[in-house]
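# Results of the structural survey
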Amino acid sequence: MPKIKVAKSSPSLDMTPMVDLAFLLVTFFMLTATMRAPEPVLVDTPSSISETELPDNTMLVTIDTAGRVFFNVDGKDVREKMLMRMMNKFPEVKFTQKQIDRFKLMKSFGVPFEQLPAYIDADEVERKKIDTQTKGIPIDTVDNKDQLSFWINFGRVEAFIWNKDQVDNKGAKDKPMRFAIKCDGKAQYRKVDAIIELFKKQDIFRFNLITDLEGAAQ
Amino acid sequence: MADIQSSAPETNSRRPARRAVRIDMTPMVDLAFLLLTFFVLTAELSKDKTMEVTFPKKADNTMLVNEGGALTLIPDGSGKNIFWYRGKFEVNMHLSSVTVSKDQLNTVLAESKKEAEAKGEKLFVIIKPSEKAKYGTVIDVIDALRLQELNSYAITTISPIETATLLKNGGN
């Protein structure tokens, strides 16, 4: 049988346009990406048909299956001022300037105020350990241990002042603070209700319940 | 593969023609696509979806004007059963239950809506999660309401008498 002759021209093709496009997309996604905040707990939110996206400038309360409560407020300045107010309220807990600076950049946390300085100082591994052991932010209304209400109150006051300043002095768009609740689908509704009651006491009735898009989770 | 081909014009005939400079771009392209994949995926994952819900100011029903025609849904702790009744609550009344699977609940909602509309009223839905109800079930119910475009609903706390009736009807 005669050998089949293979054409010997090199199979090189010009990939330049493809590479151009690839880099264009890389640049686009890099610039539009906002880093997802690391979560202290894994929360499996229930799925829903709602497609509304979570707006910026939110106060987020996370509730896990055990009913532990974690808290987060957006915005560095707001966080700093909120912490200052908390320090005035609980003067027995001391913070260093370095800890305050680190707190500004943190996200959700779920420790009682007394343990917060230690939590701020902890590195990633230690924080994970604390997160698994913590009982969350105290919400007991008995003997005035309800720290979450103070966080909510100070957070919203500072967010309001900050927003007003942005609108009045910097011509920014009015972005009132939103209150989001992220709760595990398997958590008891009672736990969510308890948190909502705390918000209601401060005349907050409108919430953004965080859900997964239906079908996305499967 | 991905090469830049640059051939210098042969102006000087005395020197031997320069060879085309070829740079192997493969590693760079690999990296580009790796980054591209990473950013595409993280961008997709970082979108949190939310559902806006307004809660009534008071936990009791005093503010619910047309309680007479309202539909009350009681998600229970099983995670799939939803007990319901129309109108005013009566002690020891019978509560029918439907499973949360969309069709059954949808039928009840659609029928109640039709009935209310026939009377020229707007159906008001009260959600009263039982003591043991799961958050996920409550969200499922709100979802079903949205599918039926029932926009007037409220989530309130269940009363002890209702809990007792619920237990008698096999809920928890």
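Residues numbered from 1 in each chain as written. Chains lettered and ligands numbered in written order. Predicted model: local features only at pLDDT ≥ 70, side-chain atom pairs only at ≥ 80, totals over all residues. Heavy atoms only, no water.

### Section: the overall build of chain A
Along its length, chain A carries 7 helices and 6 strands. In chain A, the succession of helices and strands from N to C terminus is α-β-β-β-β-α-α-α-α-α-β-α-β. Residue burial in chain A is summarised as follows: out of 218 residues, 44% are buried. Within chain A, counting contacts between residues at least 6 apart in sequence, those at least 24 apart form 67% of the total. Carbon and sulfur atoms make up 57% of the accessible area of chain A, which totals about 12,800 Å². (Helix = DSSP H or I, 4+ residues; strand = E, 2+ residues; numbered from the N terminus. Buried < 20%, exposed > 50% of the residue type's maximum accessible area, 1.4 Å probe, protein only. Contact = heavy atoms within 4.5 Å. Areas by Shrake-Rupley, 256 points an atom, 1.4 Å probe, with all protein chains shown as cover.)

### Let's talk about the pattern of salt bridges
Residue and element names in this part refer to chain A. Summed over all chains, the structure comprises 13 salt bridges over all chains. The partner of Lys170 in a salt bridge is Asp165, and the shortest N-O contact between them spans 3.6 Å. Using a relative accessible area of 29% as the deciding quantity, one classes Asp165 as partly exposed. Shared partners join several salt bridges into a network, and the residues in it are Glu80, Asp101 and Lys104. (Salt bridge = Lys/Arg side-chain N within 4 Å of Asp/Glu carboxyl O.)

### Digging into the packing of aromatic side chains
All names here are of chain A. Taken as a whole and assessed by the stated rule, the structure comprises 15 aromatic pairs over all chains. Ring pairs connect the aromatic residues Phe71, Phe90, Phe95, Phe103, Phe109, Phe113, Phe150, Trp151 and Phe154, which therefore count as one cluster. Residue placement shows Arg79 over the ring face of Phe103; its charged tip is 4.6 Å from the ring centre. A cation sits over an aromatic face here: Arg127 above Tyr119, 5.3 Å from the ring centre. (Phe/Tyr/Trp six-rings, centres within 6.5 Å; stacked < 30°, edge-to-face > 60°. Lys NZ or Arg CZ within 6 Å of the ring centre and 35° of its normal.)

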